Amino acid sequence: MIYRQTDDGETELLFIQRAHRKGDPWSGDMAFPGGRMESADPSPRAAAERETLEETGVDLANHGRFQFRLSDLITRQHSRWRPMIVTPYVYEWQGPQTESPNYEVAQMVWISLKYLAAKENQSKLPWRTPLGTVKMPCCRYQDYCIWGLSYSMLQELLKLDFEPGRFAPKATDAPRFL
């Protein structure tokens, strides 16, 4: 999760829209940059930095300031029932405004934190399951819909009453639990 301050003092979060790929159930969905850990990654945080750079060209190691870690989320891999742990890290972006999305990313979008927090922008997304349709909480922005794990991460950040410069949890890799 990456945020930046605009010239007028607004805080914005960076989202990606995943590229459309056959067989990918989250194809076209909105997400935070990041991805899977590889054997060469020394830590989950290093994997998040590497994946963000690969997907977006945003170099957190050189131009990001690590702030804190959000709670781990447990989900499953795409077409498997094996559990997968997602570890969200929050960074302040202090680099240039250039971005270069790779083939995994259709769009990169910076969205105001105030917009994301506003009740009038919260909605429900009908999601079909084998057992019927479930209405998932989401946030709608233009033609985008932020839901699922990304929405959960966003809600945790908002519950922390996050405001750069005013709120700064300890910069630690220790997990916090909701």
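Residues numbered from 1 in each chain as written. Predicted model: local features only at pLDDT ≥ 70, side-chain atom pairs only at ≥ 80, totals over all residues. Heavy atoms only, no water.

## As for the overall build of the protein chain
Each helix and strand counted, the protein chain has 4 helices and 11 strands in total. Burial analysis of the protein chain (178 residues in total) assigns 43% to the buried set. When contacts within the protein chain are restricted to residue pairs at least 6 apart in sequence, long-range pairs at least 24 apart make up 57% of them. Summing over all exposed atoms, the protein chain offers an accessible surface of approximately 10500 Å²; the carbon and sulfur share of this is 52%. (Helix = DSSP H or I, 4+ residues; strand = E, 2+ residues; numbered from the N terminus. Buried < 20%, exposed > 50% of the residue type's maximum accessible area, 1.4 Å probe, protein only. Contact = heavy atoms within 4.5 Å. Areas by Shrake-Rupley, 256 points an atom, 1.4 Å probe, with all protein chains shown as cover.)

## Structural notes on the nonpolar core
Of all hydrophobic cores here, the largest spans 22 residues; its most connected members are Met1, Leu13, Phe15, Leu116 and Ile146. Among the elements of the structure, strand E2 (11-18), strand E8 (105-112), helix H3 (113-117), strand E10 (132-141), strand E11 (144-147) and helix H4 (148-159) are those that each provide at least two residues to this core. Counting residues per element, this core draws most heavily on H4, at 4 residues. If we ignore the near neighbours within four places in the chain, the residues touching isoleucine 146 are Phe15, Met30, Ile111, Leu116, Pro137, Cys138, Cys139 and Tyr151. (Core = buried A, V, L, I, M, F, W, Y, C linked by side-chain atoms within 4.5 Å.)

## Considering the side chain of glutamate 156
Among the structural elements, glutamate 156 can be located in helix H4. The exposure class assigned to glutamate 156 is buried, which follows from its relative accessible area of 6%. A distance of 2.9 Å separates the side chain of glutamate 156 from the side chain of serine 71, its partner in a polar contact. (Polar contact = N/O pair within 3.5 Å; in protein donor to acceptor, adjacent residues only side chain to side chain.)

## Section: helix H1 (residues 44-56)
Its 13 residues place the ends of H1 18 Å apart at the C-alpha level, agreeing with the 18 Å of an ideal helix rising 1.5 Å per residue. Inspection of H1 places Ala46, Ala47, Ala48, Glu49, Arg50, Glu51, Thr52, Glu55 and Thr56 among the buried residues, and these make up the whole buried set. The elements touched by buried residues of H1 are strand E1 (2-5), E2, helix H2 (60-63), strand E7 (89-93) and E8. One or two residues past the end of H1 sits glycine 57, with phi positive at roughly 80 degrees. (Expected span 1.5 Å × (residues − 1).)

## A short note on the packing of aromatic side chains
Summed over the entire model, instances satisfying the criterion amount to 6 aromatic pairs. Consider the rings of phenylalanine 66 and tyrosine 89, whose centres lie 6.0 Å apart with planes at 55 degrees: the pair is tilted. With phenylalanine 66 in strand E4 (residues 64-69) and tyrosine 89 in strand E7, this pair connects stretches of sequence that are 23 residues apart. We note arginine 4 situated over the ring of tryptophan 110; from NZ or CZ to the ring centre the distance is 4.0 Å. The cationic tip of arginine 45 hangs over the ring face of phenylalanine 66; the distance from NZ or CZ to the ring centre is 3.8 Å. (Phe/Tyr/Trp six-rings, centres within 6.5 Å; stacked < 30°, edge-to-face > 60°. Lys NZ or Arg CZ within 6 Å of the ring centre and 35° of its normal.)

## Observations regarding the environment of glutamine 155
Position of glutamine 155 among the secondary structure elements: in helix H4. Considering only alpha carbons, one finds glutamine 155 and alanine 117, 38 residues apart in sequence, at a separation of 8.4 Å.

## Digging into the environment of leucine 149
With respect to the helices and strands, the residue leucine 149 is situated in helix H4. Accessibility expressed as a relative area gives 32% for leucine 149, which makes it partly exposed. Leaving out residues up to four positions away in the same chain, leucine 149 has contacts with Leu73, Thr75 and Val86.

## Quick notes on unusual backbone geometry
Negative phi is the rule for most residues except glycine; trans is the rule for most peptide bonds. If you check the backbone angles, glutamine 142 has positive phi at about 50 degrees while not being a glycine. Along the polypeptide, glutamine 142 turns up in the loop between E10 and E11.

## Some remarks on the pairing of E1
In this sheet, E7 lies alongside E1 in parallel orientation, the contact comprising 2 bridges. Its bridge partner lying in E7, isoleucine 2 is registered against tyrosine 91. Looking at chain direction, E1 and E2 are connected through 3 bridges and run antiparallel. Across the sheet, residue arginine 4 finds its bridge partner in E2, namely glutamate 12. As consecutive antiparallel partners, E1 and E2 are separated by 5 residues, and within that stretch glycine 9 has a phi angle of approximately 85 degrees, a positive value. (Pairing = 2+ DSSP bridges.)

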